[in-house]
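What follows is each chain in one-letter form.
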Amino acid sequence: MSDRERADAVLEHVAVLAFLYYPGIEVDDPSYRLADDIEWCLARLGDVADVERERMRALFERAIIDPTATREELFTALVELDGVLAVEHHE
């Protein structure tokens, strides 16, 4: 999977989760855990540094809860991460 395909897959995962999320979902579905959804998105990133993984974890959480406020920041972070991944693959 190319870095671009990986970024697209992450965005698709976050978008689906943001669409399904609503305040109070934990009350309606006691088995729901936002952390599980975030882990599902993180799995699509593959092997990235811990610092990047933690940064993306926070962005995923915000993007799922409030996608309108976070989508540009998430997209930018994925593009930056894509650049980091591309450099690592070519060295």
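Just so it is clear, the model here is predicted, and its values are computed rather than measured.

Chemist: Looking at this structure, I do not really get the pattern of salt bridges. What am I missing?
Modeler: What the rule picks out here adds up to six salt bridges. Measuring nitrogen to oxygen at the nearest pair gives 2.3 Å for the salt bridge that ties glutamate 39 to arginine 57. One end of the pair, glutamate 39, is in helix 3 (residues 34-45); the other, arginine 57, is in helix 4 (residues 50-65), with 18 residues separating them in the sequence. Of the residues examined, arginine 57 reaches a relative accessible area of 24% and is grouped as partly exposed. Counted as one network, the salt bridges with shared partners bring together Glu39, Glu54 and Arg57.

Chemist: I tried to follow the packing of helix 1 (residues 3-20) against helix 3 on my own but got confused; where do I start?
Modeler: Remark: helix 1 packs on helix 3, axes separated minimally by 8 Å, with the N-to-C direction vectors making an angle of 170 degrees. Between helix 1 and helix 3, the angle is such that the two are roughly antiparallel. Judged by residue contacts, Arg6, Ala9, Val10, His13, Val14 and Leu17 of helix 1 engage Asp37, Trp40, Cys41, Arg44 and Leu45 from helix 3. Across the contact of helix 1 with helix 3, the residue classes break down as seven nonpolar, one polar and three charged.

Chemist: What is the right way to look at the packing of aromatic side chains in this model?
Modeler: The relative placement of two aromatic rings is captured by the distance of their centres and the angle of their planes. Within this structure, the stated rule accounts for one aromatic pair. Both rings, one in tyrosine 21 and one in tyrosine 32, keep their centres 6.4 Å apart while their planes meet at 50 degrees; by these two values the pair is tilted. Placement of tyrosine 21 in the loop between helix 1 and helix 2 (25-28) and of tyrosine 32 in the loop between helix 2 and helix 3 is noted, with a sequence separation of 11 residues between them. Considered together, tyrosine 21 and tyrosine 32 belong to a single accessibility category, that of buried residues.

Chemist: Mind showing me how you'd approach the nonpolar core here?
Modeler: Across soluble globular proteins, nonpolar side chains have a tendency to be buried as a group. In this structure, Val14, Leu45, Met56, Phe60, Ile64, Leu74 and Leu78 are the most contacted members of the largest nonpolar core, which totals 22 residues. Contributing elements (two or more residues each) for this core: helix 1, helix 3, helix 4 and helix 5 (67-90). Aside from chain neighbours lying at most four places away, what touches valine 14 is Cys41, Phe60, Ala63, Ile64 and Leu74.

Chemist: So what exactly am I meant to see when it comes to the side chain of histidine 13 here?
Modeler: Residue placement: histidine 13 occurs in helix 1. Its relative accessible area of 14% is what places histidine 13 among the buried residues.

Chemist: Explanation requested: helix 4 in the structure shown.
Modeler: Note on helix geometry: an α-helix contains 3.6 residues per turn, so any two residues three or four positions apart are oriented the same way. Over its 16 residues, helix 4 extends 23 Å from the first C-alpha to the last, a length consistent with the 22 Å expected when each residue adds 1.5 Å. Within helix 4 the residues assigned to the buried category are Arg53, Met56, Leu59, Phe60, Ala63 and Ile64. End-on, the buried residues of helix 4 take up no more than an arc of 130 degrees, which puts them together on one face. Residues of helix 4 that are exposed and angled more than 90 degrees away from the buried face: Asp50 and Val51.

Chemist: Explain a nonpolar patch on the surface here, please?
Modeler: Together, Val16, Phe19, Leu20 and Trp40 line one region of the surface with nonpolar side chains, adding up to about 470 Å² of accessible area. Broken down by element, the nonpolar patch gets its largest block of residues, three residues, from helix 1. The topology assignment puts phenylalanine 19 in helix 1. Take phenylalanine 19: its relative accessible area is 72%, and that puts it in the exposed class.

The rules we used
- Residues numbered from 1 in each chain as written.
- Predicted model: local features only at pLDDT ≥ 70, side-chain atom pairs only at ≥ 80, totals over all residues.
- Heavy atoms only, no water.
- Salt bridge = Lys/Arg side-chain N within 4 Å of Asp/Glu carboxyl O.
- Helix = DSSP H or I, 4+ residues; strand = E, 2+ residues; numbered from the N terminus.
- Buried < 20%, exposed > 50% of the residue type's maximum accessible area, 1.4 Å probe, protein only.
- Axes fitted to C-alpha atoms, helices over the stretch in contact; angles between N-to-C directions.
- Parallel < 35°, antiparallel > 145°, perpendicular 65-115°, else oblique.
- Contact = heavy atoms within 4.5 Å.
- Nonpolar A, V, L, I, M, F, W, Y, C, P; charged D, E, K, R; others polar.
- Phe/Tyr/Trp six-rings, centres within 6.5 Å; stacked < 30°, edge-to-face > 60°.
- Core = buried A, V, L, I, M, F, W, Y, C linked by side-chain atoms within 4.5 Å.
- Expected span 1.5 Å × (residues − 1).
- Arc of directions from axis to C-beta.
- Patch = residues over 30% accessible without salt bridge, like charges linked within 9 Å, V, L, I, M, F, W, Y side chains within 5 Å.
- Areas by Shrake-Rupley, 256 points an atom, 1.4 Å probe, with all protein chains shown as cover.

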